[in-house]
Every structure is written in C-alpha cells, then in structure tokens.
Amino acid sequence: MTVYVDDAVTLWRGQRWAHLMADTLEELHAFAARLGIPRRAFQDKTSGAHYDVTAPLREQAIALGAMAISRHRDRALMREVIARARAQGRREAH
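- An unreviewed UniProt entry lists the protein under the name DUF4031 domain-containing protein, with Luteimonas notoginsengisoli as the source organism.

Pasting the structure below:
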C-alpha cells in the first residue's frame, strides 16, 4: 500500500496546493490524520478521492513516507493512482 502526493502545486488562496492520494481509503484517511488534516477536508470529486495539501504539508507528507509523483514524468502511474482514487470515492459514497 502506498500514499502518493502529486506535483500539481496549484495556486489558490495565496498558497500552493497538491493532492494526497493512496491505494486505499483507509490508508489515505490515516495518513491525512498523521498530517493533522481533519476528515472533513476529504474530497471526492471528479478528480477522485483525495485531500488537498499545501506545499509545506506536501513536503511533510514526503518526509513521512508519501511517494512524490509527477503529472509530467510519471504519467502512467498518475493515471493508475487517479483511477483508483475515483473508484474508491464511488465505493465510499455507497
């Protein structure tokens, strides 16, 4: 099982943000809790099950063992991770 954090560092509300995703929802929620992210921050939109994290939290996630992945260099892996995130979100909703 793996937790991933992408390099989609998007500017929003004066900060840069990335996505925290995982192979399982259980692992995703547990890892987010380790980062101090409340469960209410969980998102399940068209991009799939994830938490948005600020750039400093992204670095902290990597330090705690999350795998940094790149939308530019790791395209096949990103597609797999996003597909799992989308499927997981649908499962949690039911």
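Regarding the overall build of the protein
- Looking only at helices and strands, one finds three helices and six strands in the protein.
- Scanning the protein from its N terminus toward the C terminus, one meets helices and strands in the order β-β-β-α-β-β-α-β-α.
- Since a compact globule built from 94 residues should have a radius of gyration of about 12 Å, the 12 Å found for the protein is in line with a globular shape.
- Across the 94 residues that make up the protein, the buried fraction comes to 40%.
- Sequence-distant contacts, at least 24 apart, represent 57% of the contacts inside the protein between residues at least 6 apart.
- Charged side chains of the protein number 15 positive and 11 negative; the gap between the two group centres comes to 5 Å.

As for the pairing of strand β5 (residues 48-54)
- Burial runs high along β5: six of the seven residues are buried.
- In this structure, strand β3 (residues 15-22) lies alongside β5, joined through four bridges in antiparallel fashion. Bridge pairing in β5 places W17 opposite T54.
- Pairing of strand β4 (residues 43-45) with β5 involves three bridges; the strand directions are antiparallel. When the bridges of β5 are listed, Q43 appears paired with H50.

Comments concerning the environment of L20
- Here L20 shows up in strand β3.
- Taking the C-alpha atoms as reference, L20 lies 8.5 Å from A66; in sequence the two are 46 residues apart.
- With sequence-adjacent residues up to four places away left out, L20 is seen in contact with V3, Y4, V5, L28, F31, A32, L35, A49, H50, Y51, V53 and A61.

Things to note about the side chain of Q43
- By the element assignment, Q43 lies in strand β4.
- For Q43, a relative accessible area of 18% corresponds to the buried category.
- For Q43, the residues in contact, after removing those within four places along its chain, are G48, A49, H50 and D52.

Looking at the side chain of H19
- Structurally, H19 can be placed in strand β3.
- At a separation of 2.8 Å, a polar atom in the side chain of H19 contacts the side chain of D6.
- Setting aside its immediate chain neighbours within four residues, H19 contacts Y4, V5, D6, A8, H50, Y51, D52, V53 and R71.

Thoughts on the pairing of strand β1 (residues 3-6)
- Taking every second residue as pointing to the same face, both faces of β1 are buried, with V3 and V5 on one and Y4 and D6 on the other.
- In this structure, β1 lies alongside β3, joined through three bridges in antiparallel fashion. Considered in β3, the bridge of Y4 is made with M21.
- For β1 and strand β6 (residues 67-69), the ladder comprises three bridges, and the chain directions are parallel. Its bridge partner being in β6, Y4 is matched across the sheet by M67.

The rules behind each value
Residues numbered from 1 in each chain as written. Predicted model: local features only at pLDDT ≥ 70, side-chain atom pairs only at ≥ 80, totals over all residues. Heavy atoms only, no water. Helix = DSSP H or I, 4+ residues; strand = E, 2+ residues; numbered from the N terminus. Rg over C-alpha atoms; globule rule 2.2 N^0.38 Å. Buried < 20%, exposed > 50% of the residue type's maximum accessible area, 1.4 Å probe, protein only. Contact = heavy atoms within 4.5 Å. Lys, Arg positive; Asp, Glu negative; His and termini not counted. Charge placed at Lys NZ, Arg CZ, Asp CG, Glu CD. Pairing = 2+ DSSP bridges. Polar contact = N/O pair within 3.5 Å; in protein donor to acceptor, adjacent residues only side chain to side chain.

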